[in-house]
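# Working through the structure, step by step
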Amino acid sequence: PMYAITTTALTQKAAIGGRAVRPNRQRTVARRSAVATPIKAKLYDNILETIGNTPIVKISDRLAPKGVEVYAKAEFFNPCSSVKDRLALAVITDAEQKGLLKPGDTVVEATSGNTGIAVAMVCAQRGYNCVICMAEPFSVERRKIMRMLGAKVIVTPKAGKGTGMVAKAEELCEKHGWFLCRQFENDANPAFHASTTGPEILTDFAGKKLDYFVTGYGTGGTFQGVGRVIKAARPDTKIVLLEPEAASLIASGTKTERKSTGAPKGSHPAFAAHPIQGWTPDFIPKVLEDAQAMDLYDELVPISGPEAIETAQKLASTQGIFTGISGGASMAGALKVAAKAPKGSVILTMLPDTSERYMSTPLYESIAADMNEEELEIAKSTPSFQLLPGEEPVLQA
């Protein structure tokens, strides 16, 4: 249960230093709407047990159109701050159960970053060595996080794109006998979403309608796994699939040529570079192609890089929700759906990760490190402790 802190409770006497204290009117008003949640009295055996059960948060009308309800599932509540924590746990657990991994083995993956971070976390907890192949353009923060978690990060040339990093990972595994996660082809990926993410959504929306589920794709795992569950339980819910405007692979109608493993043979002709890291590699993943064959989505919507960045910034400044470019893209798609949805519609989207992975990307290009003019004016409005450009620092006035 949730416990509201009432005005009556706040005006009761408080034993502070033996004196009765009554909060002033301003303090009472400020706290009237505060809500306290009970403390969860649970101990976890390890960090991996905390994966999943992420909260769904309503978006206020400071961003969402009035007359509809927009919600976001905040996957940055996972322990390494992204939806890919689910994938990594699924793939490695599946490999263990199949006898493909033993203590001391080396786990390899090709990734834009979040999957690599998640795989490195699971390997660190389970005691495996970890090697990650990542293409050069992805943010340096991700490389450092993976190395902090004990992984070796192999950076591949920008010109090779996503198919290059996948080919490098395959080459390393063939040479050294290492285990390759194959996130883009591995059925354990969508299966985990079908057994966790999808049921979580159904539980949270029990007794409440859900008209639209909106999601982008990286591997297609979330889309396929959640889509299967929602379509089975709520066939009237429309699923809207998003992809970058600059890389409209699904919209092109052109399939990806594959190796016998399901991995891509080469780069997709419709691919162009885009800033939505984690979305749409330069090929159609096998997991996504399988989802297409299941006829899971009702509408395909393109999202531009600038609107993804702008929406991520608006989520931070109007909602206090701190998500990355892919989260901004997902919300931009949800807002497009909301703009034309019938009144009273309920829309859910996914926020895949946290904003802190994007400090060196276009998401933060407009965010200055130094004080701007407005901040300098505030600093100068009182005489002490001023640090003004071109002037000696002022301590006491």
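Residues numbered from 1 in each chain as written. Predicted model: local features only at pLDDT ≥ 70, side-chain atom pairs only at ≥ 80, totals over all residues. Heavy atoms only, no water.

## Notes on the nonpolar core
With 44 residues, the main nonpolar core has I92, V107 and V119 as its most contacted residues. Among residues more than four places away in sequence, those in contact with I92 are L101, V107, V119, V122, C123, R126 and Y128. Counting 35 residues, the second-largest nonpolar core is a separate cluster that includes F76, V301, A334 and L335. (Core = buried A, V, L, I, M, F, W, Y, C linked by side-chain atoms within 4.5 Å. Buried < 20%, exposed > 50% of the residue type's maximum accessible area, 1.4 Å probe, protein only. Contact = heavy atoms within 4.5 Å.)

## Details of the pairing of strand β6 (residues 69-74)
Burial within β6 is extensive, with 5 of its 6 residues counted as buried. Of the pairings in the sheet, the one linking strand β5 (residues 56-59) to β6 comprises 4 bridges and is antiparallel in character. Residue pairing for β6: I56 is matched across the bridge by K73. The pairing of β6 with strand β14 (residues 346-351) spans 6 bridges and is parallel. Looking across to β14, one finds that V70 is bridged to I347. (Helix = DSSP H or I, 4+ residues; strand = E, 2+ residues; numbered from the N terminus. Pairing = 2+ DSSP bridges.)

## Observations concerning the sheet that holds strand β12 (residues 238-244)
Read across the sheet, 6 strands follow the order β5-β6-β14-β11-β12-β13 without closing on themselves; strand pairing throughout is mixed. Each of the sheet's edge strands pairs with one partner strand only, and the pair in question is β5 and β13 (299-303). The average undirected angle you get between the axes of adjacent strands in this sheet is 25°. Sheet topology places strand β11 (residues 212-215) next to β12; 4 bridges connect them, and they run parallel. (Axes fitted to C-alpha atoms, helices over the stretch in contact; angles between N-to-C directions.)

## Concerning the packing of aromatic side chains
Per the counting criterion, the structure on display carries 4 aromatic pairs. Taking 6.2 Å as the distance between ring centres and 50° as the angle between the ring planes, the aromatic pair formed by F223 and Y297 counts as tilted. Of this pair, F223 sits in helix α9 (residues 221-233) while Y297 is found in the loop between α11 (286-293) and β13, placing the two residues 74 residues apart along the sequence. Taking the relative accessible area as the measure of exposure, F223 reaches 1% and is therefore buried. With a relative accessible area of 25%, Y297 lands in the partly exposed category. Taking NZ or CZ as reference, R142 lies 4.8 Å from the ring centre of Y358, over its face. (Phe/Tyr/Trp six-rings, centres within 6.5 Å; stacked < 30°, edge-to-face > 60°. Lys NZ or Arg CZ within 6 Å of the ring centre and 35° of its normal.)

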